[in-house]
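Letter by letter, the chains look like this.
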Amino acid sequence: MASSNVCSPRTVRLALALGGGLLLLAARAVPLVAQTPTETPKNPYTPTPQVIQEGMAAFRANCAYCHGMDARGMRAPDLTGVFARGASEDGLFRLVRRGIPGTEMPPANVFLQEPDTWKVVMYLRTLAVTPPTETPRGNAENGERVFRARCATCHKVSGRGGVLGPDLSRIGISRTRASLARQIRGGNEEIKPGYQPVTITTHEGRTIRGTRKNEDMMSVQIMDTAERLQGVVKSDVRTVSAIADDKKSLMPAYGVDQLNESDLDDLLRYLGTLKSAPTAAVTATGVIP
Ligand code: HEC
Ligand code: HEC
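Below: a short report on this structure. (Residues numbered from 1 in each chain as written. Chains lettered and ligands numbered in written order. Predicted model: local features only at pLDDT ≥ 70, side-chain atom pairs only at ≥ 80, totals over all residues.)

1. Observations concerning the packing of helix α2 (residues 49–62) against helix α5 (residues 114–125)
Here is step 1: Taken N-terminus to C-terminus, the directions of α2 and α5 make an angle of 100 degrees; their axes are 7 Å apart at the nearest point. It follows from the interaxial angle that α2 and α5 lie roughly perpendicular. Contact residues: Val-51, Ile-52, Glu-54, Gly-55, Met-56, Ala-58 and Phe-59 in α2; Asp-116, Lys-119, Val-120, Met-122 and Tyr-123 in α5.
Here is step 2: Here the contact of α2 with α5 is built from residues that sort into 8 nonpolar, 1 polar and 3 charged. (Axes fitted to C-alpha atoms, helices over the stretch in contact; angles between N-to-C directions. Helix = DSSP H or I, 4+ residues; strand = E, 2+ residues; numbered from the N terminus. Parallel < 35°, antiparallel > 145°, perpendicular 65-115°, else oblique. Contact = placed C-beta atoms within 7 Å. Nonpolar A, V, L, I, M, F, W, Y, C, P; charged D, E, K, R; others polar.)

2. Focus: the nonpolar core
Here is step 1: Counting residues in each nonpolar core, the largest one holds 19 residues, and the members touching the most others are Phe-59, Leu-92, Val-96, Val-120, Val-121, Tyr-123 and Leu-124.
Here is step 2: Of all the secondary structure elements, the ones that give two or more residues to this core are α2, α4 (89–98) and α5.
Here is step 3: At 6 residues, α5 tops the list of elements feeding residues into this core.
Here is step 4: Among all residues touching Val-96, those that are not within four sequence positions of it are Ala-108, Thr-117, Val-120 and Val-121.
Here is step 5: The next biggest cluster of nonpolar side chains, apart from the first, holds 13 residues, and it includes Ile-171, Ile-184, Leu-268 and Tyr-270. (Core = buried A, V, L, I, M, F, W, Y, C linked by C-beta atoms within 7 Å. Buried ≥ 20, exposed ≤ 12 C-beta atoms within 10 Å, placed from the backbone.)

3. Observations regarding the site of ligand 2
Here is step 1: The immediate surroundings of ligand 2 are formed by 25 residues, with Cys-151, Cys-154, Gly-165, Ser-249 and Met-251 found nearest.
Here is step 2: At 3 residues, the largest contribution of residues to the shell around ligand 2 is made by helix α8 (residues 177–185). (Near = placed C-beta within 6 Å.)

4. Some words on the sheet that holds strand β5 (residues 219–224)
Here is step 1: Strand order in this open sheet of 5 strands is β6-β5-β4-β3-β7, and the pairing throughout is antiparallel. On the outer flanks of this sheet lie β6 (229–233) and β7 (240–245), each paired with one strand and no other. Within this sheet the neighbouring strands show an average axis-to-axis angle of 40 degrees, counted without direction.
Here is step 2: Bridging between β5 and β6 involves 5 bridges; their strand directions are antiparallel. (Pairing = 2+ DSSP bridges.)

5. Regarding the site of ligand 1
Here is step 1: Inspection of the region around ligand 1 gives 25 residues, with Cys-63, Cys-66, Ala-76, Thr-103 and Met-105 positioned closest.
Here is step 2: Elements with a minimum of two residues in the shell around ligand 1: α3 (64–67), α4 and α7 (171–174).
Here is step 3: Among the residues making up the shell around ligand 1, the classes are represented as 19 nonpolar, 4 polar and 2 charged.
Here is step 4: A domain split of the shell around ligand 1 shows at least three residues from each of domain 1 (9–125) and domain 2 (140–191 + 252–284). (Domains from an automatic or database assignment.)

Next up, the structure:
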């Protein structure tokens, strides 16, 4: 259940706290080596086949869900190149323990023991770097035009656009091209947390569609398709007859008839360029994911 708080003092405080964290991440080009060691963890293991095997198992159980079974990225980045880009084992360990505030990358210290974290890091070290499978196709300039015309009504980039869907200012880092293509064509694996589609039916038979933003025992808050936040008191039986979760995302599926392959290539090329710092996305929507 989505429990994000829209514009509450807590959200503001959290956003400020994350703003502080931004400084740490500002030097994004070398994030895994440039961190100041707050604690100095020491890897207790040597890379024996058994340790690597256990690291792979822990990766598959805890990380593959987002990064893919082979670590080549899915709804999270490809991890096969992190060491080649200059990460150290210590730096990677700290990043994984802490997560990346303001993004979907969770702090592993809440679900993974330290020893298993080391093993995961050592497993990642054994992976061969995947060279890009294809040269990037598409024209980013036209992609941006397509985005403004078709997507910006619901999605913000760098502070401009709608808020019914998630802010996409950083989508070029967080999702792979293949997973973006699936999302646009309507074959997405799952609905992003905080954007669960919901339909409220009133007794007059009117339906309000929106995304579920906040809920407690008494009420539910949704953002309707006109981007208005609406609070609904559940027990108000005079008006509300049903509050139902939907299976289908509020994001339309764009088939080839609506978005041809060439425009899709351009759009994907443009989305791949969106790499702003993590907090931009958070403060722009006012919703902590
Ligand atoms: C809920 C989804 C999710 C899970 C589970 C998850 N990650 Fe991530 N991870 C992400 C996302 C999204 C990013 C990109 C964040 C960003 O920078 O926008 C990321 C980024 C990273 C990065 C930085 C990559 C880089 O090139 O800078 C590393 C390393 C990483 N994850 C490792 C792990 C490991 C190891 C685990 C398991 C212990 C894990 N992640 C679990 C979503 C996830
Ligand atoms: C009518 C509103 C609407 C339009 C128009 C729309 N989207 Fe979305 N989009 C959403 C919603 C709502 C979600 C979150 C629910 C989900 O995951 O399906 C979403 C999710 C996404 C995501 C996943 C974001 C993440 O952080 O994982 C991407 C990428 C995306 N949309 C891209 C696009 C692109 C590109 C277009 C234009 C071709 C577009 N959307 C048009 C509403 C919209």
